[in-house]
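Commentary on secondary and tertiary structure
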Amino acid sequence: MEPVAIVQGTAVPLDRSDVDTDQIIPSDWLKRVERTGFEKGLFSEWRDGEDFVLNNEDYAGANILLGGPNFGTGSSREHAVWAIQQYGFAAVISPRFGPIFKNNSTKNGLVPVEVDIETAEALMAAVQADPTLEITIDVERATVEAPAIGLSSTFDLSESIRHRLLNGLDDIGLTLQQVDKIDSFEGSRPSYMA
Amino acid sequence: MDTSNSAGSSGPKTLIEKVWDRHVVHAAEGEPSLLYIDLHLVHEVTSPQAFDGLRLTNRPVRRPELTVATEDHNVPTADIDQPIADPVSKAQVDTLRKNCDEFGVQLYSMGDINQGIVHVIGPELGLTQPGMTVVCGDSHTSTHGAFGALAFGIGTSEVEHVLATQTLQQSAQETMAITVNGELPEGSTAKDVVLAILGAADTGGGIGAIAEFRGPVIEALSMEGRMTVCNMSIEFGAKAGMIAPDETTFEYLKGRPNAPTGAEWDAAVADWKTLRSDEGATYDREIVLDGADIVPFMTWGTNPGQVAPISANVPDPADFDDPGASDAASRALEYMGLTAGTPLKEVPVDTVFIGSCTNSRIEDLRAAAAVAKGRKVKDGMRTLVVPGSGLVKQQAEAEGLHTIFTDAGFNWREPGCSMCLAMNPDKLAPGERSASTSNRNFEGRQGRGGRTHLVSPAVAAATAIAGTFATPADLD
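Rules behind the numbers
Positions within a chain are numbered from 1, following the residues in the order the chain's sequence is written. Working convention: letters from A go to chains and numbers from 1 go to ligands, in the order in which they are written. With pLDDT at 70 or above as the cut-off, local features in this predicted model cover only qualifying residues; side-chain atom pairs require 80 or more to be listed or tallied, and sums for whole chains, interfaces and linings still use all residues. Side-chain measures were taken over the full set of non-hydrogen atoms in the model, leaving aside hydrogen atoms and water. What we call a nonpolar core is a set of buried Ala, Val, Leu, Ile, Met, Phe, Trp, Tyr and Cys residues that are connected through their side-chain atoms within 4.5 Å. Relative accessibility under 20% of the residue-type maximum defines a buried residue, over 50% an exposed one, and the middle range a partly exposed one, all with a 1.4 Å probe and only protein chains included. Here a helix means four or more residues in a row that DSSP labels H or I, a strand means two or more in a row labelled E, and each is numbered from the N terminus. Contact criterion: two residues are considered in contact whenever any of their non-hydrogen atoms come within 4.5 Å of each other. Here a patch means residues that are over 30% exposed by relative accessible area and free of salt bridges, tied together within 9 Å if like-charged and within 5 Å if nonpolar (Val, Leu, Ile, Met, Phe, Trp, Tyr). Surface accessibility follows the Shrake-Rupley procedure with a 1.4 Å probe radius. Residue values consider only the protein chains on display as shielding. A side-chain nitrogen of Lys or Arg and a carboxyl oxygen of Asp or Glu constitute a salt bridge if their distance falls within 4 Å. Only four residue types enter the charge count, namely Lys and Arg as positive and Asp and Glu as negative; His and the chain termini do not. Working definition for charges: the position is that of NZ of Lys, CZ of Arg, CG of Asp or CD of Glu. Interaxial angles span 0 to 180 degrees and are taken between N-to-C directions of axes, which are lines fitted to C-alpha atoms, for helices over the stretch in contact. Orientation labels follow simple angle bins: below 35 degrees gives roughly parallel, above 145 gives roughly antiparallel, 65 to 115 gives roughly perpendicular, and whatever is left gives oblique. By the definition used in this description, the sense in which the near helix is turned from the far one sets the handedness, with an anticlockwise turn below a right angle giving left-handed and a clockwise turn giving right-handed. Nonpolar residues are Ala, Val, Leu, Ile, Met, Phe, Trp, Tyr, Cys and Pro. Charged residues are Asp, Glu, Lys and Arg, and all others, Gly as well, are polar. Pairing of aromatic rings covers Phe, Tyr and the six-membered ring of Trp, with a centre-to-centre limit of 6.5 Å; geometry is then stacked below 30 degrees between planes, edge-to-face above 60, and tilted otherwise. Pairs of strands are assigned from DSSP output, requiring at least two bridges between the strands. By convention a crossover is right-handed if, when the strands point away from the viewer, the path from the first strand over the helix to the second runs clockwise. As a working definition, buried area equals the accessible area (1.4 Å probe) given up by two parts on being put together, with both sides summed.

Quick notes on the nonpolar core
- Ranked by internal contacts, the top residues of the largest apolar core, which has 104 residues, are Phe43, Phe71, Ile84, Ile135 and Ile137 of chain A together with Phe405 and Phe410 of chain B.
- Tallying contributions element by element places helix H15 (residues 457–466) of chain B first for this core, with seven residues.
- Discounting residues that sit within four places of it in the chain, phenylalanine 43 of chain A has contacts with Leu14, Val19, Gln23, Ile24, Phe52, Leu54, Leu65 and Phe71 of chain A.
- Residues Phe147, Ala196, Ala244 and Tyr283 of chain B belong to the second largest nonpolar core, which totals 90 residues.

Here we look at H15 of chain B
All names here are of chain B.
- Summarising burial for H15: nine of the ten residues are buried, a large majority.
- Taken as a whole, H15 has its buried residues at Pro457, Ala458, Val459, Ala460, Ala461, Ala462, Thr463, Ala464 and Ile465.
- Just downstream of H15, glycine 467 is the residue with a positive phi angle, here 90°.

A few points about a negative patch on the surface
Residues and elements named next belong to chain B.
- Among the surface-exposed residues, Asp202, Asp316, Asp319, Asp321 and Asp322 lie close enough to one another that they form a single negatively charged patch.
- Its place among the elements puts aspartate 316 in the loop between strand E14 (307–309) and helix H11 (323–336).
- You can call aspartate 316 partly exposed: its relative accessible area is 35%.

Section: the packing of helix H2 (residues 48–57) of chain B against helix H5 (residues 156–165) of chain B
Residues and elements named next belong to chain B.
- Orientation of H2 relative to H5, taken along the N-to-C sense of each, is 50°, at an axis distance of 8 Å. One element, H2, and the other, H5, form an angle in the oblique class. Regarding H2 and H5, the two cross each other, and that crossing is right-handed. For the pair H2 and H5, the contacting residues are Gln49, Ala50, Phe51, Gly53 and Leu54 in the first and Thr156, Val159, Glu160, Leu163 and Ala164 in the second.
- Of the residues belonging to the contact of H2 with H5, the class tally is six nonpolar, three polar and one charged.

A word on the packing of aromatic side chains
Residues and elements named next belong to chain A.
- The full count for this structure, using the stated rule, is 18 aromatic pairs over all chains.
- When the ring of phenylalanine 38 is compared with that of tryptophan 82, the centres are 5.7 Å apart and the planes differ by 40°; the resulting orientation is tilted. Of this pair, phenylalanine 38 sits in the loop between helix H1 (21–24) and helix H2 (44–47) while tryptophan 82 sits in helix H3 (residues 79–87); the two residues are 44 residues apart in sequence, bridging distant segments of the chain. The pair formed by phenylalanine 38 and tryptophan 82 is uniform in burial state, with each residue classed as buried.

Quick look at the pairing of strand E3 (residues 39–43) of chain B
Residues and elements named next belong to chain B.
- Counting buried positions over the five residues of E3 gives five, a clear majority of the element.
- What you see with E3 is no split at all: Leu39, Leu41 and His43 on one side and His40 and Val42 on the other are buried throughout.
- Two elements, E3 and strand E6 (residues 133–136), share three bridges in a ladder whose sense is parallel. Along E6, the bridge assignment pairs leucine 39 with valine 134.
- Looking at chain direction, E3 and strand E4 (residues 67–70) are connected through four bridges and run parallel. From the neighbouring strand, leucine 41 faces E4, where its bridge partner is valine 68.
- Between the parallel elements E3 and E4, the chain passes through H2 in a crossover that is right-handed.

Section: the interface of chain A and chain B
- Taken together, the 59 residues of chain A in the interface contact 71 residues of chain B.
- Carbon and sulfur atoms supply 50% of the area that chain A and chain B bury against each other, a total of about 5100 Å² over both sides.
- It is Lys31, Ile172 and Tyr192 of chain A that lose the most area in chain A upon contact with chain B, and together they represent 16% of the buried surface on that side.
- Linking chain A to chain B there are eleven salt bridges.
- Across the pair arginine 63 of chain B and glutamate 186 of chain A runs a salt bridge whose closest N-O atoms are separated by 3.1 Å.
- For the side of chain A that touches chain B, the secondary-structure elements that each account for two or more residues are H1, H2, H3, helix H4 (99–108), helix H6 (159–167), helix H7 (171–176) and helix H8 (179–187) of chain A.
- Of the residues contributing to the side of chain A that touches chain B, the split by class is 17 nonpolar, 18 polar and 24 charged.

A few points about the pairing of strand E9 (residues 174–181) of chain B
Residues and elements named next belong to chain B.
- Among the eight residues that make up E9, six are buried, leaving the element largely enclosed by the rest of the structure.
- Of the strand pairs in this sheet, E9 and strand E10 (residues 209–214) are connected by six bridges, and their pairing is parallel. Note that in E10 the partner of threonine 179 across the bridge is arginine 214.
- Note on the crossover from E9 through helix H6 (residues 190–201) to E10: the handedness is right-handed.
- Where E9 lies against strand E12 (residues 285–290), six bridges are found, and the strand directions are parallel.

A closer look at the packing of helix H12 (residues 362–372) of chain B against helix H13 (residues 390–398) of chain B
Residue and element names in this part refer to chain B.
- At a minimum axis separation of 9 Å, H12 and H13 run at an interaxial angle of 40°. When the axes of H12 and H13 are compared, the pair comes out oblique. For the pair H12 and H13, the crossing hand works out as right-handed. Of the residues in H13, those touching H12 at Ile362, Leu365 and Arg366 are Val392, Gln395 and Ala396.
- Of the residues assigned to the contact of H12 with H13, the class counts are four nonpolar, one polar and one charged.

Taken by themselves, the reported measurements are silent on function.
Below you can see the structure in the form of structure tokens.
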């Protein structure tokens, strides 16, 4: 994956809780065997509605998706991350992510910014009031800032994920550095497990 | 206590920590643990890009014999002797066949007696065993936790990681005890237990944790019932759900094709008996329910935490204290076409779906057939009874269940995921309402604009007969 250090830009406010991965990318899109071309499927059922926020011209060009609590719950489909990323978002902000979605994000360089509920609500209100609000996410410092409203907050990011995002590291390559340990572990497995 | 911290400590451990600790290949401060994976299940939807990744990097599948694949999500449940009509679905299934052939992975294809929903075939073939780590590119992998395995869903990048290394990098999780005391009232089932748990935990209550289900109600469940409960762990956000193995577990496994035999069986059982939480082991979170309170439940909204007893009315969003929950309830009622205050038992249903990795095992079909026997499906009701696997179908037919269903007017199908997620031709039309034994009532889950209510197999069958939501007791 590509390294990511700073995400700077504007955000789309998706002000609802429990946005599951079936909404992010409906199952019809999962039949594809490719890894690209999922941007058209992003929120495809909701996008048919004129008043859906992604159709609002005021938010055109935004590169941050601002969600409510329990964003990305449900299915393990990594296609949800691919769709968000391929549409043009580089980060998603939410007070709480579905765990598989969050994990999948970090494998693709989509920054999951898990902030406290007060920060999430302040950002939601501010972005709804001003679509041009500039937001900066700093992966190195694990901070999210919106200077125009005096907001500066940190988010939860483990050292190992920060390191992988900043350097665009391939997990498989890292794990294969431990191949001796895997070999030796396999030698110690119970015989009934084969 | 983080599970990673327990390694090497001599204090009492939970089942979760015991299974986690015995799979740590490598652990270092500030890094996720590297866990060994004993069983990797694969299906056609989340694997093609992972196999592509292996090809791009010239990596083989490290342990093809610990990897088993099946075709389930896309497969039609009628006319399976014909080629798959949808060219995109067909291409995906063909891709799996090609990948399994190229990388040496065992595949159970449409029409094979061992084919079926990935979370049905793993246990019934004896592949899933206590104390194992089991993963699959599918969030309902938590099902296998019913055997005391640590089983969880992963994304496609992690599928590729397991294929290449037979390990996964995993961050420490909290531990969560879900204790169900007492006993269930007559007429309540494992599905009602997990719907009640979802009502208590909500969709996010398990995020960051691995759950252990325990207590007399859980211990009294059959393996099928335990699988139903563990299956829906992800619906409250838990990474996995586990139940300590016991005689019920061993009895289920004994003699299955991939279960150990002879002296190996004895050694395995002796080992499996140690997989219980120690006296005094502590959990980071706990939920306690009284079995006596668990009546037949159903969902009324668009996430699995929005549950109510079938005897209740459609809730009023104004009655929710939390503004977020109230807002979500309003939105859900609008999508579901429901009015607050309406008795749920008066809501008419168009389609009944009995199937999915939650409720398509032999015991589920027996429960539904017991209700259907000698009765007739309501005029105009569409029904699908979809066994979870070829073996379940064969067993059901040997018991004559298919005749009970077809005599009552139910539609008896071939195995697959079917209308749980509508990737095959079994879909709801816009505005159509289902009573479904599956696991997700998300918007559009069973077809664009479709309205899904999650129920137990017995309630699904009773609803097919009554035409509105009903328990078997309501039919008398």
